[in-house]
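Each chain, letter by letter, is given below.
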Amino acid sequence: MSEAERDMSPEARTDWSAIFTSTLIPLTVAAGFVYVGLEPDDAGDWARGLLALIPLEYFRAFVLYILSDTYREYRSPMQAVGFFLLSLAILTVVALVISLYVLKGDWWRWITQPEVYRAIAFALAVIAVDGVIGVYFFRGDPKQLSVRFEAIADDTRDWLQLAGIQLPLVLVFLYGFLLMLHEARHLLSWLPAPTEDLAMSAALFYAAFYFFGKAMLLAHANTAAFNETGRRLFGAPWIQWLIWEKNKDRALSASTERAAEKRRRAVLLGEAEDVA
């Protein structure tokens, strides 16, 4: 611990144990993607299962909002567990209805694939068990944990938008442009040719990059910097400017973000009695 951290109040210090436990799984997953990406031939059997897990990251973002609401409404361990499970059940039903609407006639064929429904069932079971254990055995200030989960959920939403949608589109168009230059003008001799193995390796390495970024935003929510300011990792104006949103009022968005930072800081430092 640095001298600066020793002078801080306990609420404002970096929680290294929380950083370790929260980043262990995403960093392990990222390392696994890198390992398999080096030998993409081994990924063929579970590639469709991997595709099924990608939408679950969006589902997981909503679960983080549920956890924030659960701790904000915390009255007792059993009440909180019931609130969490009911909210999770409602979210699961909504997600299934949306997937049925999107896939239409292909939904049943997709959901009955063993690698798909096993991956989904396993992920849902892990989310439910992890949430129940965390909520039931929680001992501490639920309001502080609520605003922490709120910041993580907002950062996860922005990271999904940036890394899950925008950046892949930019990279694909950039590669296509470079490939066009390579083919038309015989430039960029180092540019690899598009092959199935290259596409699989690129997808796996990118998945590793995504989970590494997820680990970083989870770690940030447990740092002294976040505890002192309430400022989430992707809340900076220049990052928000990069996020594509239709009809987005940037001035209103910035004002809302600053108000949320102020509210989170007050709760984290024990200066607020209630979470709006």
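Residues numbered from 1 in each chain as written. Predicted model: local features only at pLDDT ≥ 70, side-chain atom pairs only at ≥ 80, totals over all residues. Heavy atoms only, no water.

The N-to-C vectors of helix α2 (residues 16-38) and helix α8 (residues 196-220) enclose an angle of 170°; their axes lie 8 Å apart at closest approach. Here α2 lies roughly antiparallel to α8, going by the angle between them. Between α2 and α8, the residues in contact are Ile19, Ser22, Thr23, Pro26, Leu27, Val29, Ala30, Phe33, Val34, Val36, Gly37 and Leu38 and Ser201, Leu204, Phe205, Ala207, Ala208, Phe211, Phe212, Ala215, Leu218 and Ala219, respectively. Looking at side-chain class alone, the contact of α2 with α8 contains 18 nonpolar, four polar and no charged residues. (Axes fitted to C-alpha atoms, helices over the stretch in contact; angles between N-to-C directions. Helix = DSSP H or I, 4+ residues; strand = E, 2+ residues; numbered from the N terminus. Parallel < 35°, antiparallel > 145°, perpendicular 65-115°, else oblique. Contact = heavy atoms within 4.5 Å. Nonpolar A, V, L, I, M, F, W, Y, C, P; charged D, E, K, R; others polar.)

Phe59, Val63, Leu67, Tyr71 and Leu88 are the most contacted members of the largest nonpolar core, which has 47 residues in total. Only α2, α3 (47-72), α4 (77-103), α5 (107-111), α6 (114-136), α7 (142-185) and α8 provide two or more residues apiece to this core. Those residues in contact with Tyr71, other than ones at most four positions away along the chain, are Gly134, Val135, Phe138, Pro142, Lys143, Leu145, Ser146 and Phe149. Listed in part, the five residues of the second largest apolar core include Val147, Phe226, Val267 and Leu268. (Core = buried A, V, L, I, M, F, W, Y, C linked by side-chain atoms within 4.5 Å. Buried < 20%, exposed > 50% of the residue type's maximum accessible area, 1.4 Å probe, protein only.)

Turning our attention to the pattern of salt bridges. Following the criterion strictly, the structure yields 14 salt bridges and no others. Note that Arg263 and Glu150 form a salt bridge whose closest N and O atoms lie 3.0 Å from each other. Of the two residues, Arg263 sits in helix α11 (residues 250-268) while Glu150 sits in helix α7, which places them 113 residues apart along the sequence. The salt bridge partner of Arg258 is Glu261, with a shortest N-O separation of 2.6 Å. A residue pair is termed a helical-turn pair when its members lie 3 or 4 positions apart in one helix, as Arg258 and Glu261 do in helix α11 at three residues. Here Glu261 falls in the buried class, since its relative accessible area comes to 6%. (Salt bridge = Lys/Arg side-chain N within 4 Å of Asp/Glu carboxyl O.)

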